[in-house]
Structure formats: C-alpha cells, structure tokens
Amino acid sequence: MKHFSTLKEYCHGINISPPKWAEFDIRSFEENMQTVNQQMPKFKHEFYVIAVKINGGGFASTGNYSTKDLKATVFFNSPYQILSWDIVPDWKGYYIIFSDGFFRRTRTSKRITEAYPYLLIDNTIPMKVSAQEAKFYAKLFSDMYFEFQLNESDSKDIIANYLEILLRKVGRLYKQTATDFPITQNERKRDLEVVSRFKTLLDVSFQPNKEYNEELYPHQVQFYAIKLNLHPNHFNAIVKRITEKSASGHIYSHILSLAKSRLKNTNESIKEIAFGLYYNYPNHFASFFKGQTKMTPSQYRKSLK
C-alpha cells in the first residue's frame, strides 16, 4: 500500500501538479480532472482533507463508507486513514489538504484534534448536503481558493481563519449526520476524548527536562494508560479502534519524528539526542532508530548532507 508523507509526494502520486505550499493546498476538482488518476487503489497519507463535491460520478471511500450514490457531499479524511477512489472525470467542487502544523501556525500549541475531536474517527462518514448547503460550502472554498491564488504575505493567516470556520461547520454537520449511523455516540465521544488526551500527553511528555522514574518512561504504552486511568489493553484497543493504529505505533512515530528533526536541525551528538528523548542508554535509541529506518542515526544524519 502506498504511503505519502509529504504533499509533494501525494500530488505526484495522484498525478497532479506540485503544491505551492508545503503544508496546505486547495484545488478545484475541475482543474484536477485533466490529469488525476481516475482510479487509486488503497493508500494512506499524513494530512487532513476536507472536500465539497457538488456533483460527479464514481466514488471516493474511507474505511467502510464511500460517497457512492451521493451527489452534493461534504467529506473529510484524517492522517493514516485508508483511502481509495474510482471516479468519473466530471467531479465539480473543491478540496483542501493540510497538516496539523498549518493549523497550529497561528495558534497556541493545541493540536487540531483537541479542538475538533471528530477528526479522530477511523471511518469518516460522507455527509449528504442540500443544494443550498452545497452553495454555502462552495462559496467558502471559493473564497479560500481566491486568497490562495493571491498568495500575499498574509494569505496564510487569512486562510487559517477560513479554515477555522470550515472546521466548525463540518463539525456541526458531522454531529447531525452521525446520528443516522449505528454508532453509540456517548461511547464514541469518550473514545475520542481518550485519544485526544493521549496525543496531548504524547506531545508534552517529550518536552525537555522532564523527570521520570527508572521504571516508567514515555516510550511505553503503560505510561499513558496509567495517566489516563485505563488498563493498557483497553487503552490500546480504544486508540486502535479510533485511529486504526496501535498506541505503540503512535508513540514510535512521534519519537522517530522528533529524532529525525533533531538529527537534521541541531548539532547535538547522538548521545545527547538519546538522552533528550529519555533513553538511558544511547545504544537502545540507536537500535530503535535503525529498526524504524534501516539506518543508524549517524548514517541518517550523513544522508542529509
């Protein structure tokens, strides 16, 4: 299964022109239809997507749900979800694709899923909208698209404000739509809150100069389960149910991302980076890194040059 970790890779993978910005892109479906792959087998990417389809044949799918038989539709996807499509080249509408970093650029350190936990659901539901609602969403996307094309010095800030409105409107629409599906909303809400708190803890726990006892460190699933007052197995089941990825998978991805960033952007020694990521023994960090990347930390740093 293909996995796209950058917007540039994603655009190349679906056969459209490269993005202007590294963490945000907006397109009309009409402009993509000339070149986009009309069939895409299952794949994943690391971004959030929100789209309004005014009309068009075929379908796009996430998990168990698809846009098949829906004309005017609003749908969204989150990082690491399994996606696919088989579309007719007549789609009309818009979509945006963006990173959590773009969302946070004009805000506090709060991640997007803390503010909008509905983005954590594993199988996102396509939401049918009326012709009048479709016009509202199309106008909002059109305004964002216009600002994106201007690309002025403050365009990213303006688009971030449009994005806030869009996320709130989609959240309201999701609440209305979700009641039509066989999901226990209270249980789903609790699960979303657990995952949101877990991701916040993941960010906070690797900040510098934390003190931990010798038996429990933020590399372990049990560390977060205890803080959330859950049995580790139950905690892991919740995370996997919501994100389709194990708790340990999220932890490893976070550590790897931090490690790569420090290897690339600092002059810290491998030993200093290991201790900074709360490894008591640098060789344990090196083994983890090589297991994830097939390279030692030193080899990875040299490859960047």
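Residues numbered from 1 in each chain as written. Predicted model: local features only at pLDDT ≥ 70, side-chain atom pairs only at ≥ 80, totals over all residues. Heavy atoms only, no water.

J.: Break down the sheet that holds strand β7 (residues 73-77) for me, citing the residues and quoting the values.
T.: Spatially, β2-β9-β4-β7-β10 is the arrangement adopted by the five strands of the open sheet, whose pairing is antiparallel. This sheet does not close on itself; its edge strands, each paired only once, are β2 (24-28) and β10 (127-128). Pairing geometry for strand β4 (residues 48-55) and β7, over five bridges, is antiparallel. Looking at the pairing, A51 lines up with F75 of β7. Here helix α1 (residues 7-14) sits on the sheet in contact with β2 and β9 (92-98), set at roughly 30° to β2. Those strands touched by helix α5 (residues 131-150) are β2, β4, β7 and β9, and its axis lies near 120° from that of β2. (Pairing = 2+ DSSP bridges. Helix = DSSP H or I, 4+ residues; strand = E, 2+ residues; numbered from the N terminus. Contact = heavy atoms within 4.5 Å. Axes fitted to C-alpha atoms, helices over the stretch in contact; angles between N-to-C directions.)

J.: Tell me what's going on with the packing of aromatic side chains, and back it up with residues and numbers.
T.: Within this structure, the stated rule accounts for 33 aromatic pairs. Ring geometry for Y10 and F43: centres 6.3 Å apart, planes at 35°, overall tilted. Of this pair, Y10 sits in helix α1 while F43 sits in strand β3 (residues 39-45), and the two are 33 residues apart along the sequence. Of the two residues examined, Y10 and F43, each falls in the buried class. Considering the side-chain rings of Y118 and Y174, the 6.0 Å spacing of their centres and the 25° angle between planes classify their relative orientation as stacked. Within this pair, whereas Y118 is found in the loop between α4 (112-115) and β10, its partner Y174 is found in helix α6 (residues 155-178), the two being separated by 56 residues in sequence. These aromatic residues form a ring-pair network of at least three members: F198, F206, Y212, Y217, F223, Y224, F235 and Y278. Above the ring of W21, the side-chain terminus of K156 is found at 5.1 Å from the ring centroid. The side chain of K169 reaches across the aromatic face of F136, ending 4.6 Å from its centre. (Phe/Tyr/Trp six-rings, centres within 6.5 Å; stacked < 30°, edge-to-face > 60°. Buried < 20%, exposed > 50% of the residue type's maximum accessible area, 1.4 Å probe, protein only. Lys NZ or Arg CZ within 6 Å of the ring centre and 35° of its normal.)

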